[in-house]
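Breakdown of the fold
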Amino acid sequence: MTPAHDHVSGPGGRTLLGELLRGHRLAADLTQAELAERAGLGVRTVRDLERGRASRPQRSTVELLADALGLTGEARVTFLSAARRRTKERAAAGDGDTPAGTGAIATSAAASGTPLALPPPAELVGRERDRADVVALLTADGGPPVVSLVGLAGVGKTALALAVAHEVVDAHPGGSAGVLVGESTDAADMLATVSAVLGASCLPDLAGRLRGRPALLLVDAVERAPGPVAEALRQLTDVVPTLRVLVTGRHPVGVPGELVRPVAPLDVPPPDVRDAAGLARYPAATLFTARLARVRREPPDQRELPALTALVRRLGGLPLAIELMAARGRVLDLDELLDRYGDRVLDLAAADPGHRGWEPAGTAVRAAAPVTLREAVATSYRLLAGPERAALRRLAVFTNRWSVELAEELLADEVAPVTDPVPLLDRLVQLGLVSIRGTGEFRFRLLDAVRDFALEQAAGRGELTAIRRRHAVVVTRLVARTAPDLVGPELSRAVRRLDEVTSDIGTALAHAATDDPHTALRLATALPRWWRLRGRDVTGRQWLRRLLADPRTADADRMLRAWALLGVARLAAEHGAGAQELMAVRSALDVFGTFGDVTGELEARTVLCALLIATGDHDGAREQAQAVLALASMHDRPRDMAVAQNNLTWHEIRLGNLAGARRRLATVDRLAAQCGERRLRLLARANLAEVVRHQGRYAEAAERGRRVARVLGELGDPGHHRRVLGTVGLALAQGGRLDEAAEVLAVLRASACQAAAPRSASGHPGSGPPAVWRPEEGICALIEGTMALRRGDRELAAEWFGVAAEAGATGQDRRDVIEALVGLVASTGDPVARERLDRACRQSGIRLVPYELELLRDQGLPRVAGADD
């Protein structure tokens, strides 16, 4: 048993002088060899003093070291006093080193005579809340007698404990002391050491010495001798009720009145935070940057910041891992660190065979034997019983956060079923192997290093394939339970729920597609609405097509395959590929009809309506919408009735019946409110903004559209969000508010294209259309053309309107094509363009709205087919 300042790292014990010497050397950023050279001493002298092996340092040696370290004032006095005190202690105890497990006792006295025996506080980053919480526990009246900080090796337990202990010194006038547990410690040894360090000869005398005054004891590394420590603490708290004990270890002590506080890793930034100011808000990034500054002068540049984010996320915010990784920054830049070590963080190593506690600034003790992050995790893993280890190996398959429900499903397998996961999770949390973040459903998470280690263990035992197969089944069940809520009043909650398990969905789908394609097909078939709301329509469609084409799913349930085909078509419509999936949706409709599935038939006809509109079959689309309305009315399905009315609104607009369109949208709003369909009400209001724009009420249209766009942006649904932004941008441009229209255009491009706006050599947007433009950019081109026409730049307007017309012709809304052609005719007066407009109106049945007719009349152009007689 050693006092806090006598950290054993060799045959002898580390002394207060050794701690001070090491702390000042590291603060000066010197190695032992550099300090020895500066002081004119041998490096062995410095090493032996730091490790407590030099029993009687000469005064001249200590003064040379103080000079080399540049110590002045109080720091120099304290340093020299520690050397004199060390000599006296050795003389009193006799020559030779203190045996490991007992150690010498050294205290320093404050002005009041209060004994203090704590090492200097370590540097803390991002522990403000933890520190305040523990301080409150140790200073509150009636607080717990024992507070245990538990967690994984290297998570920062000792640094937190030291900072707290120093902060609460004044609240413990009986004394504050610390002890570091050794592997050979027994209860009697610890009781004798604690009594001595607090100024008493033995335990019975300690209560009398304190005379009812509060005292604080810090016990570090209890896992080295858990039984003796527990027995000693039971006696201490019984005999000295005013003693508060702060404990650190990899597991709780297990004494009466103990309050366990797991120490979690530092918070890491989200993956999209890639700027210096944003990263500075996250302690893991701050610590990495600080440690990197010790080995290289230049801070991370803008190019390296994405790698910094990825690194600290991969390291899971574990301070030990962060320090080990940052130390390699002397040779490698951050991108190289990520490439080289991102997939093997468990191999990170430092020369540190001993305990990391009692170190100034949180740095590691340098010694010969290597310690890897894998070994650090393994020490906590070995504390688990066999069934607990098996459960941890299975839980490691989750790639992000998970819930009690998911854990219960995963662990309820046939191999080693766990009937109640709560005691298990509590045990894993107490050991720091599982962390809890927040209070939501998905709040449990394995540190990446723990997860990697557990997966290694599972692979070594030949369990990994079965675990991944079970994981895919569990994730599929979760998605299947959640998918029905992607329509209706629970939409937002359902979307957030699936967002929480995004990475697990991807992992499950990728594994099952190879190992269990039927499960993969069930999973993918439940995802199209979520994929669409999250802008993953292309990826989702590719997954469904791949799984449907897999020969192993050919015998899948016909209804399942029909829903998968419908999902393919629904997703294709989002990116203008609906024409390619007409056969797929018709096949699905046939299956639903055969089995009498009303829900499937309503969904299939609704999707078919959207595809027919995109392909120009307007009469066919109207027939499908009317069929949906009739079937939904027959079965009293208000949501499907609202969807049908919303689709029929487009046909009213096509015929120029704007008053009729407004009536239908009012019906949509009423029906959607009746069934709690917030999203459908938003879409109706977005369409109403478009109708108002066609009526020439541009200010009102812009305001209505902006209100809807804000909410849709929060909800998701990027396709409809882009559409309503297009309405806002066009309304602003038509109303002459060109600066505001340009701002909306920039937002629209960032949202829709994820690409830069077209630029000229001067670097300004809007100088001309791009050579190649994706079809969904038609609305952007339409806004650009309208802005140019309002500025009187007919040549530029004609270019943009031409781009918009071509984009619309490849599968977008035919109403946009008509509007683009009207702009093209108004800009150029070209007879060919006018003939093209006339032909498009005749083929689509679209009638021009008043503002379009007025625009053509202003140019002195003849009437076209879309004009009312």
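In what follows, the structure referred to is the one given above.
Everything numeric here is computed off the predicted structure, so don't read it as measured data.

1. Thoughts on the overall build of the protein chain
Along the protein chain, the regular secondary structure elements total 41 helices and 12 strands. Look at the contacts in the protein chain between residues 6 or more apart in sequence, and 70% of them connect residues 24 or more apart. Summed over its atoms, the accessible surface of the protein chain is roughly 35700 Å², and 51% of this surface lies on carbon and sulfur atoms.

2. Some details on the nonpolar core
By size, the foremost hydrophobic cluster in this structure holds 221 residues, and its most contacted members are Leu246, Phe288, Met325, Leu392, Leu395, Trp402 and Trp531. Considering every element that reaches this core, the biggest residue donor is helix H29 (residues 598-615), with nine residues. Every residue in contact with Leu392, bar those within four places of it in the chain, is listed here: Tyr381, Leu384, Leu428, Leu433, Leu446, Val450 and Ala454. Core analysis: the second largest hydrophobic core is formed by 30 residues, Val179, Val197, Ala232 and Val245 among them.

3. Focus on helix H32 (residues 658-674)
The end-to-end C-alpha separation of H32 is 24 Å, in line with the 24 Å expected for 17 residues at 1.5 Å each. Three or more residues of H32 are buried, namely Leu658, Gly660, Ala661, Leu665, Thr667, Val668, Leu671 and Ala672. For H32, the buried positions fall inside an angular range of 165° around the axis, keeping them on one side. Exposed side of H32, more than 90 degrees from the buried face: Arg663, Arg670 and Gln674 are the residues found there. Buried residues along H32 sit against helix H31 (638-654) and helix H33 (678-694). Gly676 lies just past H32 and shows a positive phi near 70°.

4. As for helix H37 (residues 778-791)
Spanning 14 residues, H37 covers 20 Å between terminal C-alpha atoms, matching the ideal 20 Å at 1.5 Å per step. For H37, the full list of buried residues reads Gly778, Ile779, Cys780, Ala781, Leu782, Ile783, Glu784, Gly785, Thr786, Met787, Ala788 and Leu789. Phi turns positive, to about 85°, at Gly792, one or two residues after H37.

5. Quick notes on the pattern of salt bridges
Following the criterion strictly, the structure yields 57 salt bridges and no others. The shortest N-O distance in the salt bridge between Arg427 and Glu388 comes to 3.5 Å. A residue pair is termed long-range when its members are at least 10 positions apart, and Arg427 in helix H19 (residues 421-430) and Glu388 in helix H17 (residues 386-395) qualify at 39 residues. With relative accessibility at 26%, the residue Arg427 sits in the partly exposed group. The network of salt bridges with shared partners includes Glu405, Glu409, Glu441, Arg477, Arg481 and Arg497.

6. Overview of the side chain of Arg451
Positionally, Arg451 belongs in helix H20 (residues 448-460). Although Arg451 is buried, it forms no salt bridge, and the closest oppositely charged side chain is Asp452 at an N-O distance of 4.0 Å. Among the polar contacts made by the side chain of Arg451, one reaches the main-chain carbonyl oxygen of Phe398 at a distance of 3.1 Å. Arg451 has contacts with Ala396, Val397, Phe398, Thr399 and Leu446, leaving out every residue within four places of it along the chain.

7. What about the environment of Gln734?
Checked against the element boundaries, Gln734 lands in helix H35 (residues 718-734). For Gln734, a relative accessible area of 10% gives the class buried. C-alpha of Gln734 to C-alpha of Tyr851: the two residues are 117 residues apart in sequence and 9.8 Å apart in space. When residues no more than four places from it in sequence are discounted, the contact partners of Gln734 are Arg693, Tyr698, Thr786, Arg790, Glu819 and Tyr851. For Gln734, the side chain forms a polar contact with the side chain of Arg693, separated by 3.1 Å.

8. Observations regarding the packing of aromatic side chains
Under the counting rule described, the total for this entry stands at five aromatic pairs. With a centroid separation of 5.1 Å and 70° between ring planes, the pair formed by Tyr381 and Phe453 is classed as edge-to-face. Residue Tyr381 is found in helix H16 (residues 373-381), and its partner Phe453 is found in helix H20; the two are separated by 72 residues along the sequence. The class for Tyr381 is buried, based on a relative accessible area of 5%. With 6.3 Å between their ring centres and 85° between their planes, Tyr698 and Tyr851 make a pair best called edge-to-face. Taken together, the residues span a long stretch of sequence, with Tyr698 in helix H34 (residues 698-715) and Tyr851 in helix H41 (residues 850-858) at a distance of 153 residues. In this pair, the class of Tyr698 matches that of Tyr851, namely buried. By the ring-pair criterion, three or more aromatic residues cluster together here, those being Phe398, Trp402 and Phe444.

9. Overview of the side chain of His251
For His251, the location among the structural elements is in the loop between strand E7 (243-249) and strand E8 (258-262). Relative accessible area serves as the criterion here: at 13%, His251 is assigned to the buried category. When sequence neighbours within four positions are dropped, the list of residues in contact with His251 reads Val150, Val222, Glu223, Pro226, Leu383, Gln430 and Leu431.

10. Notes on the pairing of strand E6 (residues 215-220)
E6 sits mainly inside the fold: six of its six residues count as buried. Neither face of E6 is open: one carries Ala215, Leu217 and Val219, the other Leu216, Leu218 and Asp220, and all of them are buried. In this structure, strand E5 (residues 176-180) lies alongside E6, joined through five bridges in parallel fashion. From the neighbouring strand, Leu180 faces E6, where its bridge partner is Asp220. As paired strands, E6 and E7 are joined by five bridges and run parallel to one another. Residue pairing across strands places Leu216 opposite Arg244, the latter belonging to E7. Where the polypeptide runs from E6 across helix H10 (residues 226-239) and back to E7, its parallel neighbour, the crossover connection is right-handed.

11. Comments concerning the packing of helix H21 (residues 464-482) against helix H23 (residues 502-515)
Contact geometry for H21 and H23: axes closest at 9 Å, N-to-C directions at 120°. What the angle tells us is that H21 and H23 run oblique. Crossing angle aside, the handedness with which H21 passes H23 is left-handed. Across from Thr465, Arg468, Arg469, His471, Ala472, Val475 and Val479 in H21, the residues of H23 making contact are Asp504, Ile505, Thr507, Ala508, His511, Ala512 and Asp515. For the contact of H21 with H23, the per-class residue count stands at six nonpolar, four polar and four charged.

Each value, and the rule that gives it
- Every chain is numbered independently, its residues counted from 1 as its sequence is written.
- In keeping with the predicted nature of the model, local features appear solely for residues at pLDDT of at least 70, side-chain atom pairs appear and are counted solely at 80 or more, and the whole-chain, interface and lining totals rest on all residues.
- Heavy atoms from the whole structure form the basis of all side-chain values; hydrogens and water molecules are not counted.
- In this description a helix means any DSSP run of H or I spanning at least four residues, a strand means any run of E spanning at least two, and both kinds are numbered starting from the N terminus.
- Residue contacts are defined here by distance: any two heavy atoms, one from each residue, within 4.5 Å place the two residues in contact.
- Accessibility throughout is a Shrake-Rupley quantity obtained with a 1.4 Å probe, and a residue counts as covered only by protein chains that appear here.
- Residues belong to a common nonpolar core when they are buried Ala, Val, Leu, Ile, Met, Phe, Trp, Tyr or Cys residues joined through side-chain atoms within 4.5 Å.
- The buried label goes to any residue with under 20% of its type's maximum accessible area, the exposed label to any with over 50%, and the partly exposed label to all in between, with areas taken from a 1.4 Å probe on protein chains only.
- Take the residue count of a helix, subtract one, and multiply by 1.5 Å to get its expected span.
- Think of it as the arc spanned by the lines of direction from the helix axis to the C-beta atoms.
- For salt bridges, the criterion is a side-chain nitrogen of Lys or Arg within 4 Å of an Asp or Glu carboxyl oxygen.
- Positive charges are assigned to Lys and Arg, negative charges to Asp and Glu, while His and the chain termini are left out of the count.
- Polar contact is the term for a pair of N or O atoms within 3.5 Å; when the atoms are in protein, one must be able to donate a hydrogen and the other to accept it, and sequence-neighboring residues count only if both atoms are side-chain atoms.
- Here a Phe, Tyr or Trp ring, Trp counted by its six-membered ring, pairs with any other such ring whose centre lies within 6.5 Å, and the pair is stacked when the planes are under 30 degrees apart, edge-to-face when over 60, and tilted otherwise.
- We treat two strands as partners when DSSP finds at least two bridges between them.
- For crossovers, right-handed means that the path from the first strand over the helix to the second runs clockwise, given strands pointing away from the viewer.
- Axis lines are fitted through C-alpha atoms, for helices just across the contact stretch, and the angle between N-to-C directions can take any value from 0 to 180 degrees.
- Angular relationships are summarised with four words: roughly parallel below 35 degrees, roughly antiparallel beyond 145, roughly perpendicular across 65 to 115, and oblique for the angles in between.
- By convention, the crossing between two helices is left-handed when the near helix turns anticlockwise from the far helix through less than a right angle, and right-handed when the turn is clockwise.
- Residue polarity is assigned by list, with Asp, Glu, Lys and Arg as charged and Ala, Val, Leu, Ile, Met, Phe, Trp, Tyr, Cys and Pro as nonpolar; anything else, Gly included, falls into the polar class.

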